[in-house]
There are 2 protein chains.
Amino acid sequence: MANKHVKEMQVLKEHLGKHQLKLTRQRELILNAFLRQEHITAEAMYHQLAKSDPHLGLATIYRTLNLFCDAGLAQARHFGSQTKYDNVSHKGHHDHLICTSCDQIVEFENEEIERLQEEVAARNGFTIKTHRLELYGLCSRCRH
Amino acid sequence: MANKHVKEMQVLKEHLGKHQLKLTRQRELILNAFLRQEHITAEAMYHQLAKSDPHLGLATIYRTLNLFCDAGLAQARHFGSQTKYDNVSHKGHHDHLICTSCDQIVEFENEEIERLQEEVAARNGFTIKTHRLELYGLCSRCRH
DNA sequence: TTGAAATTGATAAACTGTCTCAAAATGATA
DNA sequence: TATCATTTTGAGACAGTTTATCAATTTCAA
Ligand SMILES: [Mn+2]
Ligand SMILES: [Mn+2]
Ligand SMILES: [Zn+2]
Ligand SMILES: [Zn+2]
């Protein structure tokens, strides 16, 4: 429990070192809470952390989650109207299936789709930097 | 010029009729301006219409563009941080290539990708209702 | 023509996220 | 370990975008 998330903490420390940033109690706290999640909003992190740390500011949550993005531990994703931070510390690129009824999010990878995207881009003279693919619908549980 | 967009006006009128809504000067005005665009923000429509109609309210623009969405003439799309209304009166489903440098938007359709999406969804027990695929990068002009 | 119902415009409010700044914490250095 | 320049924090102000409110106006079915 105490020395969990060692690898991710190392990644963060390296990023901090490279950018003359400091390791703070808040950053450690937020990192540990964040790594227990897969996809979470800043607001949700705020409420969750408020239980044990009522004075942690919302601005600090935003700043810190954005820092995690810079460090490569997180990725901000806009699902519908919500912005969720995706815990990518242990995953590579992936896209999402989202149940519009229960908000369940399933991750998937499909190299065939990725390849076709490149093909479409090339055909139009584009060089892809990033892309976003989200499939919205009903999961098997919610369909019934 | 006067009787342009007759078909779309008909679609709107049918929607209004079905929902006991009324045809107003503003709705006609906004429809004609909107149909001349492909992808436009509410704010941009507001400024464009302000030239000829300085007292048209921004709220009316939003309300009316959302009405067009209900009528199937428009679709709200969140590109990056902007919300653009896509003029779909004369198009079927399509996805987008977006140049992050000059904001150019290219539309494309790829039935192979669509098919693979269904496959992915089925494999995960999902039934897709909608999806979003956006490829962000540089167009040929901006790459140089 | 009338009048109930819908719509409008102005603006307040909601919502999400960033900025400001004084006070506190960090960590490199002596 | 003490010093102290630099970074970070928390609180709230602020900004951008979209919706809600409401009195006045417009629409349209009767
Ligand atoms: Mn994910
Ligand atoms: Mn389009
Ligand atoms: Zn579900
Ligand atoms: Zn371009």
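Each value, and the rule that gives it
Residues numbered from 1 in each chain as written. Chains lettered and ligands numbered in written order. Predicted model: local features only at pLDDT ≥ 70, side-chain atom pairs only at ≥ 80, totals over all residues. Heavy atoms only, no water. Donors = N, O, S within 2.8 Å, 3.2 Å for Na, K, Ca; no water. Tetrahedral: all angles 85-135°; square planar, octahedral: opposite > 155°, others 65-115°. Helix = DSSP H or I, 4+ residues; strand = E, 2+ residues; numbered from the N terminus. Buried < 20%, exposed > 50% of the residue type's maximum accessible area, 1.4 Å probe, protein only. Pairing = 2+ DSSP bridges. Contact = heavy atoms within 4.5 Å. Axes fitted to C-alpha atoms, helices over the stretch in contact; angles between N-to-C directions. Near = heavy atom within 4 Å. Polar contact = N/O pair within 3.5 Å; in protein donor to acceptor, adjacent residues only side chain to side chain. Domains from an automatic or database assignment. Buried area = accessible area lost by both parts, 1.4 Å probe. Salt bridge = Lys/Arg side-chain N within 4 Å of Asp/Glu carboxyl O. Core = buried A, V, L, I, M, F, W, Y, C linked by side-chain atoms within 4.5 Å. Expected span 1.5 Å × (residues − 1). Arc of directions from axis to C-beta.

## Digging into the coordination of the zinc ion (ligand 3)
Residues and elements named next belong to chain A. Around the zinc ion (ligand 3), the protein contributes the donor atoms Cys99 (SG), Cys102 (SG), Cys139 (SG) and Cys142 (SG), which lie 2.2 to 2.4 Å from the metal centre. Around the zinc ion (ligand 3) sit 4 donor atoms; with metal-centred angles ranging over 101 to 116 degrees, the donor geometry is tetrahedral. Look at where the donors of the zinc ion (ligand 3) fall in the sequence and you get C-x2-C-x36-C-x2-C. Here Cys102, found in the loop between strand E4 (95-99) and strand E5 (105-108), pairs with Cys139, found in the loop between strand E6 (127-138) and helix H6 (140-143); they are 37 residues apart in sequence, far enough to count as distant. Its relative accessible area of 3% is what places Cys139 among the buried residues.

## Describing the sheet that holds strand E1 (residues 39-40) of chain B
Residue and element names in this part refer to chain B. Spatially, E1-E3-E2 is the arrangement adopted by the 3 strands of the open sheet, whose pairing is antiparallel. Among the strands making up the open sheet, the edge pair consists of E1 and strand E2 (74-79). Here E2 pairs with strand E3 (residues 82-87) via 6 bridges, running antiparallel. When the bridges of E3 are listed, Arg77 appears paired with Lys84. Across the sheet, helix H4 (residues 58-71) touches E2 and E3, and the angle it forms with E2 is around 110 degrees.

## A look at the protein's contact with DNA strand D
Near DNA strand D, the surroundings consist of 20 residues, among which A:Lys22, A:Arg27, A:Thr60, B:Lys22 and B:Tyr62 are the closest. Restricting attention to atoms of DNA strand D within 4 Å of the protein, one finds that 74% of them are sugar or phosphate atoms. A distance of 3.2 Å separates a phosphate oxygen of DNA strand D from a polar atom in the side chain of A:His55. In the environment of DNA strand D, a base oxygen lies 2.6 Å from a nitrogen or oxygen atom belonging to the side chain of B:Lys22. If one sorts the elements of the surface near DNA strand D by residue count, H4(B) sits on top with 5 residues.

## Quick notes on the domain arrangement of chain A
Residue and element names in this part refer to chain A. Taken as a whole, chain A is organised into domain 1 (6-87) and domain 2 (95-137). Here domain 1 meets domain 2 over a buried area of about 610 Å², counting both sides, of which 51% is carbon and sulfur. Looking only at domain 1, the three residues that lose the most surface to domain 2 are His39, His78 and Phe79, adding up to 64% of its buried area. On the surface where domain 1 and domain 2 come into contact, there are 0 salt bridges.

## Quick word on the nonpolar core
Counting 26 residues, the largest nonpolar core has A:Leu97, A:Phe126, A:Leu135, B:Leu97, B:Phe126 and B:Leu135 as the members making the most contacts within it. Of all elements in the fold, only E4, E5, helix H5 (111-123) and E6 of chain A together with strand E4 (95-99), strand E5 (105-108), helix H5 (111-123) and strand E6 (127-138) of chain B reach the threshold of two or more residues within this core. Every residue in contact with A:Leu135, bar those within four places of it in the chain, is listed here: A:His96, A:Leu97, A:Ile98, A:Phe108, B:Gln117, B:Val120, B:Ile128, B:Thr130 and B:His131.

## Some details on the side chain of A:His15
All names here are of chain A. Looking at the element boundaries, His15 is found in helix H1 (residues 6-18). Note on His15: relative accessible area 12%, which makes it buried. What His15 contacts, discounting residues up to four positions off in sequence, is Leu21, Leu67, Asp70 and Ala71.

## Regarding H1(A)
Residue and element names in this part refer to chain A. Between its first and last C-alpha atoms H1 spans 18 Å; for 13 residues at 1.5 Å apiece the expected length is 18 Å, and the two agree. Listing the buried residues of H1 in full gives Glu8, Met9, Leu12, His15 and Leu16. Along the axis of H1, the buried positions cluster into a sector of 120 degrees, meaning they face one direction only. The exposed set on the far side of H1, more than 90 degrees from its buried face, consists of Val6, Lys7, Gly17 and Lys18. On the buried face of H1, the contacting elements are helix H2 (25-34) and helix H4 (58-71). Of the residues one or two after H1, Gln20 is the one with positive phi, at around 40 degrees.

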